[in-house]
Structures are given as C-alpha cells and as structure tokens.
Amino acid sequence: MSKLKKIFQAYGTLLALAVITLVFSILRPSSFFTVRNLINISRQISLMVIISIGATLVMSINEFDLSIGSMASLGGVMCALMAVGGMPLPLCFLLPVLISLVVGWVNGWIIARFRVLSFITTLGMSTVLSGVIYWLTGGATVFQNIPQGFSWLGTYKFGDIPLLSVLMVIFVILFAFIMRHTVLGRRLYAIGGNEETSKIAGINVGLYKNIAFALSAVLSCITGMLIASRVGSANTTAGDGYFLNSYAAVFIGCTVSRKGIPNVLGTLVGCAILGILSNGLTMLQMPTYMQDIITGAIIILAVILQKLGKGDAK
C-alpha cells in the first residue's frame, strides 16, 4: 500500500489526465481523440495557460493576485482603444504591457511595504481597474474601427497550428526554465517556503514580491490583449472568466509536484485537465451548470491533494 500511495502521489494527476482523455475518447471516438480536436484544445487552453503562469509565480511566494481578471480585461481594452485611435500596432501591444508592469509593481510594493494581505490589496486593485475600464469605455465593448491587422496575433496559424498554441509553448518553456534554473525562481520558492528565513539569508523579499506581482500583471495583460486580438474586439469583462480557472489550474498543478508547490509544468497539466473536461463535456452536451459543478469539485479535490502532498493534513 505504501508503494501504491507513493505512485499515486507522484503520478496521480497525470493518471487522472490520461483517464479523462481515455473516457472521452471512448464516448466520442470519432470526434474527440483526433488531431484536429487536440489542436483545438491546445488553442482553447493557450490563453488560460499564459494567465495561469502569472498566478503560479505569485502563489510560489505564498500570495494571491485577485486582480488578474481585471488586468486582462484592461489590457484588451487599452490595446483595442489604441488601435482604434490609429496608434501603430506594435505600440498598441507594448504600452499596455508597460502599464501593467507598473500596476503589478504597485501591488507588490503595497503588500511588501505595508504588510497588507495580498487578498485585500489585489481585490482593491481589481476594483480600481474595473473602474478604469468603465471610465475608458462607458461599459461598452470596443469593436468599431479596429484595424484588420489587430487580429493577426490571435488568429494566425502555422499551417494547422495556431500561433496562440505556439506562444503558449514558448511561455511554458521560458517560465519553467526561470523557476527551475535561475536565481529568480529559487528565491521566489525560498520566500514561499519561509519568508523570515529568506530575510535572514539576505534575500530582498520586497523586491522579489514586486517582481512576482509585476510579472503576474504583465502575463494577465498579454492574455487580455490576445483575447481581444482573437475575437477582434475588447469586452470590458473578457478576463473575468479566467480568474477562477487559472487558480484551479495552479492548485491542480501543485499535485504534480511531490512537494505540493506551484510549478509551471504542473499548471500546464492543470489547464490541460480543465480544457479537456470542458471540451469533452461540451461534446457530450453537458449543461454549463454541470461543468461548473465539476470544475468546482476538482478545485476542492486539488486543494485537499495539495495539502496531502505537503504533509499538512493529519
């Protein structure tokens, strides 16, 4: 039993992914497990993966960023409004990133400098960003007079492979490397493991918290801009739907690690599980509310398994 328990703890999430894939392949053999549908799933989860990587970075230091959904919405709105205003498209995608970097840095600075709970700080920032969005748009979707080139990033394909899927792979490889093989990654994990010990060891905790929240905001903004580019318009609440699923993916991903810690490859697995579930349940014509119930149950189970992985549960 002890050996089986260790195998389950090490590979349980990957086995769950395989089982879910197998079940849908049996139930919908002609439409689910096809190259076309697998590519479609990769495109569907690509945006969730990018925003979830930001949540992973913040969770690695034992904090939460509740403003990622609003930051994604604002990123899409800013990008679209700049494009409508005739600004060169490269600047339309660059300036919102710089603005989001400042917003995220402010989040981290407030949390580190005044030792305010990240829940409270980022919830307040989310409200501020929602107000800014309404101020910029009046609550209306931005879609009129958007230049044709605006949709290139969100719709371009290399043959049958969407550019969004390629970008997802690039972000996963980049941040997986950063978290596993760089000083930044090691120090983020050190802070998440024990903040006081990190201070004693000479780590500038405030600086690295600022960096984590800044990167989270930037990745959220990029996600929002890609959403707007894909659909050719900017909805004022486009990022809200990614908030719950992104943290669900991170918690599921924690179970991939034997230590139960946030990790980028685990987050990718978490997004894949959620994406495959959504795709398969849609093929089975499952009502939306049932999909929400199943997703919520998975989040609760993932949190429990994360605790078991850390050895916190008795």
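First, a word on what this report is: a plain description of the structure on this page. These numbers were taken from a predicted model, which means no experiment stands behind them.

Focus on the pattern of salt bridges
Phase 1 of the analysis: One pass over the full model with this rule turns up 5 salt bridges.
Phase 2 of the analysis: Its salt-bridge partner being Arg115, residue Glu195 comes within 3.9 Å of it at the nearest N-O pair. Of this pair, Glu195 sits in helix H9 (residues 195-200) while Arg115 sits in the loop between helix H4 (89-114) and helix H5 (118-137); the two residues are 80 residues apart in sequence, bridging distant segments of the chain.
Phase 3 of the analysis: On the basis of relative accessible area, Arg115 is assigned to the exposed category, the value being 57%.
Phase 4 of the analysis: Linking Glu195 and Lys209 is a salt bridge whose minimum nitrogen-to-oxygen distance equals 3.0 Å. You can see Glu195 sitting in helix H9 and its partner Lys209 sitting in helix H10 (residues 205-231), a full 14 residues away along the chain.

Topic: the side chain of Asp65
Phase 1 of the analysis: Positionally, Asp65 belongs in the loop between helix H2 (35-59) and helix H3 (68-84).
Phase 2 of the analysis: Salt bridges are absent for the buried Asp65, whose nearest opposite-charge side chain, Lys209, sits at 13 Å.
Phase 3 of the analysis: A polar contact is formed between the side chain of Asp65 and the side chain of Ser216, at a distance of 3.0 Å.
Phase 4 of the analysis: With residues near it in sequence (within four places) discarded, Asp65 still touches Val58, Asn107, Thr122, Phe213, Ser216, Phe243 and Tyr247.

As for the environment of Thr155
Phase 1 of the analysis: Looking at the secondary structure, you find Thr155 in helix H6 (residues 152-155).
Phase 2 of the analysis: For the pair Thr155 and Phe175, spaced 20 residues apart in the sequence, the C-alpha separation amounts to 24 Å.
Phase 3 of the analysis: Residues in contact with Thr155, not counting those within four places in the same chain, are Ser229 and Arg230.
Phase 4 of the analysis: Separated by 2.6 Å, the side chain of Thr155 and the backbone oxygen of Ser151 make a polar contact.

Let's talk about a nonpolar patch on the surface
Phase 1 of the analysis: Residues Trp105, Trp109, Phe114, Val116, Leu117, Phe119, Ile120 and Leu207 make up a contiguous nonpolar surface patch of roughly 780 Å² in combined accessible area.
Phase 2 of the analysis: For the nonpolar patch, the secondary structure elements donating two or more residues are H4 and H5.
Phase 3 of the analysis: The leading source of residues in the nonpolar patch is H4, at 3 residues.
Phase 4 of the analysis: Considering the arrangement of structural elements, one finds Leu117 in the loop between H4 and H5.
Phase 5 of the analysis: The class of Leu117 is exposed, set by a relative accessible area of 59%.

Rules of the game
Residues numbered from 1 in each chain as written. Predicted model: local features only at pLDDT ≥ 70, side-chain atom pairs only at ≥ 80, totals over all residues. Heavy atoms only, no water. Salt bridge = Lys/Arg side-chain N within 4 Å of Asp/Glu carboxyl O. Helix = DSSP H or I, 4+ residues; strand = E, 2+ residues; numbered from the N terminus. Buried < 20%, exposed > 50% of the residue type's maximum accessible area, 1.4 Å probe, protein only. Lys, Arg positive; Asp, Glu negative; His and termini not counted. Polar contact = N/O pair within 3.5 Å; in protein donor to acceptor, adjacent residues only side chain to side chain. Contact = heavy atoms within 4.5 Å. Patch = residues over 30% accessible without salt bridge, like charges linked within 9 Å, V, L, I, M, F, W, Y side chains within 5 Å. Areas by Shrake-Rupley, 256 points an atom, 1.4 Å probe, with all protein chains shown as cover.

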